[in-house]
Protein chains: 2
Amino acid sequence: MSNAICEALDIRYPIILGGLSRIGRAPLVAAVSNAGGLGLLGAGSWTAEEFREQIRETRNLTDRVFGANIPGHAEAADELVETAIAERLRVMSTSAGSPRRFTARLKEAGVYVIHVVSTVAHAMTAEKAGVDAIVAEGSESGGMTSMEQVSTLVLVPQVAEAVGCPVIAAGGIADARGLAASFALGAVGVQLGTVLMATKECEVSPAFKEMMVRARETDTYLDPRGRAASRIFKEDFTKTALQDLKETSSPTVPDLDLVQTGVGQATGMIREVRTVAEVIGSMVSQAREILPGLIMNLPLGDAE
Amino acid sequence: MSNAICEALDIRYPIILGGLSRIGRAPLVAAVSNAGGLGLLGAGSWTAEEFREQIRETRNLTDRVFGANIPGHAEAADELVETAIAERLRVMSTSAGSPRRFTARLKEAGVYVIHVVSTVAHAMTAEKAGVDAIVAEGSESGGMTSMEQVSTLVLVPQVAEAVGCPVIAAGGIADARGLAASFALGAVGVQLGTVLMATKECEVSPAFKEMMVRARETDTYLDPRGRAASRIFKEDFTKTALQDLKETSSPTVPDLDLVQTGVGQATGMIREVRTVAEVIGSMVSQAREILPGLIMNLPLGDAE
């Protein structure tokens, strides 16, 4: 058995931590790599110095491969790319901008480049720019996304058909069913954000994790921000949840931060805060259980 | 091998034609049932007399089982339900309204009742009302839908977890990958709209079919209509497409009708106008090809 992403990156499972600016720090990144996936530091808001510290801290916590995500709009984007190369990261993810900007430089340094897209046209541009793999991210995802609002189910098969490189599905995936469905859609793996934020190793506040557990599938919306959009909790849900939380415990971060933190539609599937190893382990073992039986849904007719 | 929907409805494949008001007429409905799926007449805009004529015309074209969809907002909804019972339709689909309104009456007459929902809460209400099966329809779908905008990938596994009856996935499904992914998400079958509108048997205008073939995944949007929404082609796309079509052929229906006709996000996956038998046949045979290999995406690690 072989998987293009697992072989290229020397990881056990085709499960990637999405680039979470501010949130994707050493403990979470190392936990994902230690659990057999690929951790990515969320370098978007950092200086080169902060990035270097996080890389070194991650190396203290894992001897497995990990990388980082740099969004095109990051203030220190060029310096961050040079830092990643100087620190010899083997894999980098780029997003929210043209893949042409950094791919040649990263490839020249021998780095494996993954680029995040949310339309078929951008996937084709990324392949032409020479990226090694493409994350096809549907509008269910948290964080900054395109206003085009193409869902994961519609986007992934079309990207997989349009490009020759490996495709990774993202947006709305939180469990074994989402992983199995991603394979069915033509992806070789998944990128996870929300479900890995709802883990013990993630450094978002306990109040935000509690909100992810409480939220139903209808409690987020895409908030337009100029030419892009960010999926966040609805105002009504946030108000009620914060009121409840204040009565039972004390939120440890300012309310405003909670309100503006991106969260995916997959929040409706989160039932409890687990460890990263539990999230990834159960996703893989349950996918192995359900995949062989799926064909049983197609009865063989009498005439066949 | 068994499939709850195929056994209950005596159909060969768990593939249902969604209720398409005005568009779901006898030739299309009979073609779907003849191809091994379940055709549903789109009765929403009809009088009881028109509905009776369509039922009889369908019976002239197929001896397989078929049914009809009645949305709660249909002007003649109560009469349509009585007509379906009088004409001894074995299966009915209800949508866009409370499942409590018609379920008891239909069940009392021995009719198999399928109800369409777009949130987990509505699925639970429908199960309590006694429906036999639930269609979980994500926001990718064409036609009237909820403003909640929950995608198929996020909705289906949560509905499948919340209810005990069979769940059918709808919204954004147009090929074998979508069918296989629906099984992975916990559905026992799929309901199709857009891809079955782009068929030779469907009576929408050739110009509209050509627009579905041309459209990319980014060419539709959800247009708010009071408390609901309808997915239609974007204005820019419609303008350009109609201009092109006028130069090469002559659209046979008024432009305004085309602009307001619902279309799902799956339109981006449609490459040509085929027969219904080709759409359903290739969906089933390709799903049988891809399903057994999906497990290969999960490599067995050295330590396992």
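Note that the structure is a prediction, hence the values are computed from the model and not measured. (Residues numbered from 1 in each chain as written. Chains lettered and ligands numbered in written order. Predicted model: local features only at pLDDT ≥ 70, side-chain atom pairs only at ≥ 80, totals over all residues. Heavy atoms only, no water.)

Across its full length, chain A holds 13 helices and 11 strands. On the principal axes, the C-alpha backbone points of chain A span a range of 60 × 55 × 40 Å. The 304 residues of chain A split such that 60% are buried. Considering only intrachain contacts with a sequence separation of at least 6, the fraction spanning at least 24 residues in chain A is 62%. Counting only carbon and sulfur atoms, one obtains 48% of the accessible surface of chain A, whose full area is about 11,900 Å². Computed over 28 positive and 37 negative side-chain charges, the separation of the two mean positions in chain A equals 2 Å. (Helix = DSSP H or I, 4+ residues; strand = E, 2+ residues; numbered from the N terminus. Buried < 20%, exposed > 50% of the residue type's maximum accessible area, 1.4 Å probe, protein only. Contact = heavy atoms within 4.5 Å. Areas by Shrake-Rupley, 256 points an atom, 1.4 Å probe, with all protein chains shown as cover. Lys, Arg positive; Asp, Glu negative; His and termini not counted. Charge placed at Lys NZ, Arg CZ, Asp CG, Glu CD.)

Here we take up helix α6 (residues 120–129) of chain B. Residue and element names in this part refer to chain B. Here α6 has its buried residues at Val120, Ala123 and Ala126. Projected onto a plane normal to the axis of α6, the buried residues spread over an arc of 115° and lie on a single side. On the buried face of α6, the contacting elements are β5 (112–117), β6 (133–137) and α7 (152–162). Once α6 finishes, Gly130 follows within two positions and takes phi at roughly 95°, a positive value. (Arc of directions from axis to C-beta.)

Take chain A, turn it by 180°, move it 0.0 Å along the axis, and it overlays chain B with an RMSD of 0.0 Å. Overall, the copies show the geometry of a two-fold rotation axis. If distances are taken from each C-alpha of chain A to the rotation axis, the shortest is found for Ala181(A), at 2.1 Å. (Least-squares fit on C-alpha atoms with pLDDT ≥ 70 in both.)

So, on to the sheet that holds strand β10 (residues 220–225) of chain A. Residues and elements named next belong to chain A. Spatially, β7-β11-β10 is the arrangement adopted by the 3 strands of the open sheet, whose pairing is antiparallel. Unpaired on one side and paired on the other, β7 (143–146) and β10 mark the two borders of the sheet. Along the sheet, successive strands turn relative to each other by an average axial angle of 40°, direction set aside. Sheet topology note: the β7/strand β11 (residues 228–233) ladder contains 4 bridges and is antiparallel. Bridged to Gly143 within β11 is Arg231. (Pairing = 2+ DSSP bridges. Axes fitted to C-alpha atoms, helices over the stretch in contact; angles between N-to-C directions.)

A few words now on the confidence of the model for chain A. In this model, chain A carries a mean pLDDT of 93, and residues with pLDDT of at least 70 account for 94%. Reported confidences for the modelled complex are a pTM of 0.96 and an ipTM of 0.95. (pLDDT = per-residue confidence, 0-100.)

Quick look at the environment of Ser146(B) now. Locating Ser146(B) in the fold gives a position in strand β7 (residues 143–146). In terms of polar contacts, Ser146(B) uses its side chain to reach the backbone amide nitrogen of Glu148(B), at 2.8 Å. (Polar contact = N/O pair within 3.5 Å; in protein donor to acceptor, adjacent residues only side chain to side chain.)

All right, on to the packing of helix α8 (residues 176–184) of chain A against helix α13 (residues 276–290) of chain A then. Residue and element names in this part refer to chain A. With their axes 8 Å apart at the nearest point, α8 and α13 run at an angle of 60° to one another. For the element pair α8 / α13, the angle class is oblique. Between α8 and α13 lies a crossing whose hand is right-handed. Of α13, the residues touching α8 (which contributes Ala176, Arg177, Leu179 and Ala180) are Ser282, Met283, Gln286, Ala287 and Ile290. (Parallel < 35°, antiparallel > 145°, perpendicular 65-115°, else oblique. Left-handed = near helix turned anticlockwise from the far one by under 90°.)

Here we take up the interface of chain A and chain B. When the parts come together, some accessible area is lost, and that loss is often what is quoted as the size of the interface. Counting from both sides, the interface comprises 59 residues of chain A and, opposite them, 60 residues of chain B. Roughly 5,100 Å² of surface becomes buried between chain A and chain B when both sides are summed, with 62% attributable to carbon and sulfur atoms. Linking chain A with chain B are 4 salt bridges. Between Arg271(B) and Glu161(A) there is a salt bridge; the shortest N-O distance is 3.2 Å. Seen at the junction of chain A and chain B, the total is 17 residue pairs in polar contact (both at pLDDT 80 or more). Of all the elements in the fold, those that place two or more residues in the side of chain A that touches chain B are α7 (152–162), α8 and α13 of chain A. (Buried area = accessible area lost by both parts, 1.4 Å probe. Salt bridge = Lys/Arg side-chain N within 4 Å of Asp/Glu carboxyl O.)

What characterises a pair of aromatic rings is the spacing of the ring centres plus the angle enclosed by the ring planes. All names here are of chain B. The final tally for this structure, using the stated rule, is 6 aromatic pairs over all chains. On the basis of an interplanar angle of 55° and a centroid distance of 5.6 Å, the ring pair of Phe208 and Phe233 is categorised as tilted. On the criterion of sequence distance, the pair formed by Phe208 in helix α10 (residues 206–214) and Phe233 in strand β11 (residues 228–233) is long-range, its members being 25 residues apart. The buried category is assigned to Phe208, whose relative accessible area is 2%. Using a relative accessible area of 2% as the deciding quantity, one classes Phe233 as buried. Ring geometry for Phe233 versus Phe237: centroids 4.9 Å apart, planes at 45°, classification tilted. (Phe/Tyr/Trp six-rings, centres within 6.5 Å; stacked < 30°, edge-to-face > 60°.)

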